[in-house]
Amino acid sequence: MTSQSTITPIIKPRVEIRYCSLCRWLLRSAWLAQEILSTFNDEVGEVALIPGEKGQFQILVNGELIWCRVADEGFPEAKEVKQRLRDVIAPERDLGHSEASPNR
């Protein structure tokens, strides 16, 4: 008799960066993807770069919008993306030098 064990896969969050290809925002998107993967290599399952509509620049985590160029009035700094992403996927995690508090 053989023993069959069921392994439940751990599903990690999916980050989507939707960018306007007409506006040539791919490089900015790829840079932010690299920053996310470098910081959250154990917590994030994937980062997808998705060409979007004219003028679009949005970052979503499992479908939840965490940054919108229009609503947030511009492009994010990597620090701000990391903080918003952390608040969704790992709120207990300390980001070290990327924390918002100037007293650290």
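As a reminder, the structure under discussion sits directly above these lines.
A quick note: this is a predicted structure, and the numbers were derived from the prediction, not measured.

Draft legend 1. Structural detail: the overall build of the chain. Check the secondary structure of the chain and you find two helices and four strands. If you list the helices and strands of the chain from N to C, you get β-α-β-β-β-α. The burial tally for the chain puts 38% of its 104 residues in the buried class. Total accessible area on the chain stands at roughly 7100 Å², and carbon and sulfur atoms take up 50% of it.

Draft legend 2. Layout of the nonpolar core. Counting 20 residues, the largest nonpolar core has Val 15, Ile 17, Ile 36, Phe 57, Ile 59 and Leu 85 as the members making the most contacts within it. Elements supplying a minimum of two residues to this core: strand 1 (14-19), helix 1 (26-39), strand 3 (57-61), strand 4 (64-68) and helix 2 (78-89). The residues contacting Val 15, other than those within four sequence positions of it, are Ile 36, Val 44, Glu 46, Val 47, Ala 48, Ile 59, Leu 60, Val 61 and Leu 85.

Draft legend 3. Examining the packing of aromatic side chains more closely. Throughout the structure, instances matching the rule amount to three aromatic pairs. Each ring, one from Trp 25 and one from Phe 75, has its centre 4.8 Å from the other, and the planes form 85°; the classification is edge-to-face. Pair noted here: Trp 25 is in the loop between strand 1 and helix 1 and Phe 75 is in the loop between strand 4 and helix 2, with a separation of 50 residues, a long-range link. Owing to a relative accessible area of 27%, Phe 75 belongs among the partly exposed residues under this scheme. Consider the rings of Phe 57 and Phe 75, whose centres lie 5.1 Å apart with planes at 75°: the pair is edge-to-face.

Draft legend 4. Spotlight on the sheet that holds strand 3. Spatial ordering of the open sheet is given by 2-1-3-4, a layout of four strands whose pairing is mixed. At either end of the open sheet lies a strand with only one pairing partner, and these are strand 2 (46-51) and strand 4. Along the sheet, successive strands turn relative to each other by an average axial angle of 20°, direction set aside. The pairing of strand 3 with strand 4 spans four bridges and is classified as antiparallel. Across the sheet, Gln 58 pairs through a bridge with Cys 68, a residue of strand 4. Along the sheet, helix 2 makes contact with strand 1, strand 3 and strand 4, crossing strand 4 at roughly 165°.

Draft legend 5. Spotlight on the pairing of strand 1. Here strand 1 runs beside strand 2; their pairing, made up of six bridges, is parallel. Bridged to Val 15 within strand 2 is Val 47. Viewed along the sheet, the connection from strand 1 through helix 1 into strand 2 turns out right-handed. Note that strand 1 and strand 3 share five bridges and pair antiparallel. Pairing of Tyr 19 across the sheet is with Phe 57, part of strand 3.

About the cut-offs
Residues numbered from 1 in each chain as written. Predicted model: local features only at pLDDT ≥ 70, side-chain atom pairs only at ≥ 80, totals over all residues. Heavy atoms only, no water. Helix = DSSP H or I, 4+ residues; strand = E, 2+ residues; numbered from the N terminus. Buried < 20%, exposed > 50% of the residue type's maximum accessible area, 1.4 Å probe, protein only. Areas by Shrake-Rupley, 256 points an atom, 1.4 Å probe, with all protein chains shown as cover. Core = buried A, V, L, I, M, F, W, Y, C linked by side-chain atoms within 4.5 Å. Contact = heavy atoms within 4.5 Å. Phe/Tyr/Trp six-rings, centres within 6.5 Å; stacked < 30°, edge-to-face > 60°. Pairing = 2+ DSSP bridges. Axes fitted to C-alpha atoms, helices over the stretch in contact; angles between N-to-C directions. Right-handed = clockwise from strand over helix to strand, strands pointing away.

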